[in-house]
Amino acid sequence: MKKFMLFVGGLVALIILLANLGPMVFLALSVWLLYVVFKKFVKSGSTAGKIGWVIVGLILLSIALSNIFAVIGLVAAYALYLIYSSWKKDDSDPVVHVAHDDDPFTNFERQWSEINN
């Protein structure tokens, strides 16, 4: 049942990731271009150049803000990673073998027999 639920969760996360792939690309591209515009703004010496880079930066900022819901795709990608790593984990826990003398039921039976004698 656990594997089935992991499969269903992984399938839902994959669908969400694929649905948000386009906005994720546009968000990454706009953030990268904002970085480039900021670098050009800092290097610009003229006031007109700085005003031009601010205008371009504001346009790119509006594009980035319109694609902010692409963060849901990033969360889906992280959930898919967690599901994949959980799927690969071995389901069977290592069994700790208890020695015959350390068994609580055996100890109880032995102590009970000592009390009765």
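The rules behind these values
Residues numbered from 1 in each chain as written. Predicted model: local features only at pLDDT ≥ 70, side-chain atom pairs only at ≥ 80, totals over all residues. Heavy atoms only, no water. Phe/Tyr/Trp six-rings, centres within 6.5 Å; stacked < 30°, edge-to-face > 60°. Lys NZ or Arg CZ within 6 Å of the ring centre and 35° of its normal. Axes fitted to C-alpha atoms, helices over the stretch in contact; angles between N-to-C directions. Helix = DSSP H or I, 4+ residues; strand = E, 2+ residues; numbered from the N terminus. Parallel < 35°, antiparallel > 145°, perpendicular 65-115°, else oblique. Left-handed = near helix turned anticlockwise from the far one by under 90°. Contact = heavy atoms within 4.5 Å. Nonpolar A, V, L, I, M, F, W, Y, C, P; charged D, E, K, R; others polar. Expected span 1.5 Å × (residues − 1). Buried < 20%, exposed > 50% of the residue type's maximum accessible area, 1.4 Å probe, protein only. Arc of directions from axis to C-beta. pLDDT = per-residue confidence, 0-100.

Undergrad: Would you take a moment to explain the packing of aromatic side chains for this structure?
TA: Aromatic rings considered in pairs are described by the distance between their centres and by the relative angle of their planes. Going through the model one piece at a time under the given rule, you end up with 1 aromatic pair. Lying over the aromatic face of tryptophan 87, lysine 3 brings its terminal NZ or CZ to 4.6 Å of the ring centre. When the ring centre of phenylalanine 41 is taken as reference, the NZ or CZ atom of lysine 50 above it lies at 4.6 Å.

Undergrad: What is the right way to look at the packing of helix 1 (residues 2–19) against helix 4 (residues 71–88) in this model?
TA: A pair of packed helices is captured by two measures, namely the crossing angle of their axes and the spacing between those axes. Put simply, helix 1 and helix 4 touch, their axes get as near as 8 Å, and they point 155° apart. Compared by their axis directions, helix 1 and helix 4 come out roughly antiparallel. The crossing of helix 1 and helix 4 is left-handed. Contact residues: helix 1 offers Lys2, Lys3, Leu6, Phe7, Gly9, Gly10, Ala13, Leu14, Ile16 and Leu17, while helix 4 offers Ile72, Gly73, Ala76, Ala77, Ala79, Leu80, Ile83, Ser86 and Trp87. Classifying every residue of the contact of helix 1 with helix 4 by side-chain character gives 13 nonpolar, 4 polar and 2 charged.

Undergrad: Is there a simple way to explain helix 4 in this structure?
TA: Spacing of three or four residues puts side chains on the same side of an α-helix, whose turn is 3.6 residues. Between its terminal C-alpha atoms helix 4 stretches 26 Å, which fits the 26 Å expected from 18 residues at 1.5 Å a residue. Along helix 4, the residues that are buried comprise Gly73, Ala76, Ile83 and Ser86. Looking straight down helix 4, one finds that the buried residues subtend no more than 135° of arc, so they occupy a single side. In helix 4, the exposed positions that point more than 90 degrees away from the buried face belong to Tyr78, Tyr81, Tyr84 and Lys88. Among the structural elements, helix 1 and helix 2 (21–43) are those in contact with the buried residues of helix 4.

Undergrad: Would you mind showing me how to read the side chain of serine 86 here?
TA: Tracing the sequence through the fold places serine 86 in helix 4. Not counting the four nearest positions on each side in its chain, serine 86 is found in contact with Lys2 and Leu6.

Undergrad: Would you mind showing me how to read the environment of tyrosine 81 here?
TA: Tracing the backbone through its elements, the reader meets tyrosine 81 in helix 4. When the C-alpha atoms of tyrosine 81 and glycine 10 are compared, they prove to be 8.8 Å apart, with 71 residues separating the residues in sequence.

Undergrad: I'm lost on the confidence of the model for the protein chain in this one. Help?
TA: As a general rule, the predicted coordinates of low-pLDDT regions are not to be interpreted in detail. Across the protein chain, the average pLDDT comes to 83, with 85% of residues at or above 70. Across the protein chain, element-level confidence peaks in helix 2 with a mean pLDDT of 93 and bottoms out in helix 5 (residues 104–116) with 74.

Undergrad: I would appreciate a short explanation of the packing of helix 2 against helix 3 (residues 47–66) in the present structure.
TA: Interaxial distance between helix 2 and helix 3 falls to 9 Å at its minimum, and their mutual angle equals 165°. Put simply, helix 2 runs roughly antiparallel to helix 3. Seen along the crossing, helix 2 lies across helix 3 with a hand that is left-handed. Counted together, Leu27, Ser30, Leu33, Leu34, Val37, Lys40, Phe41 and Val42 of helix 2 and Lys50, Trp53, Val54, Val56, Gly57, Leu60, Leu61, Ile63 and Ala64 of helix 3 form the full contact between these two elements. Counted by class, the contact of helix 2 with helix 3 contains 13 nonpolar, 2 polar and 2 charged residues.

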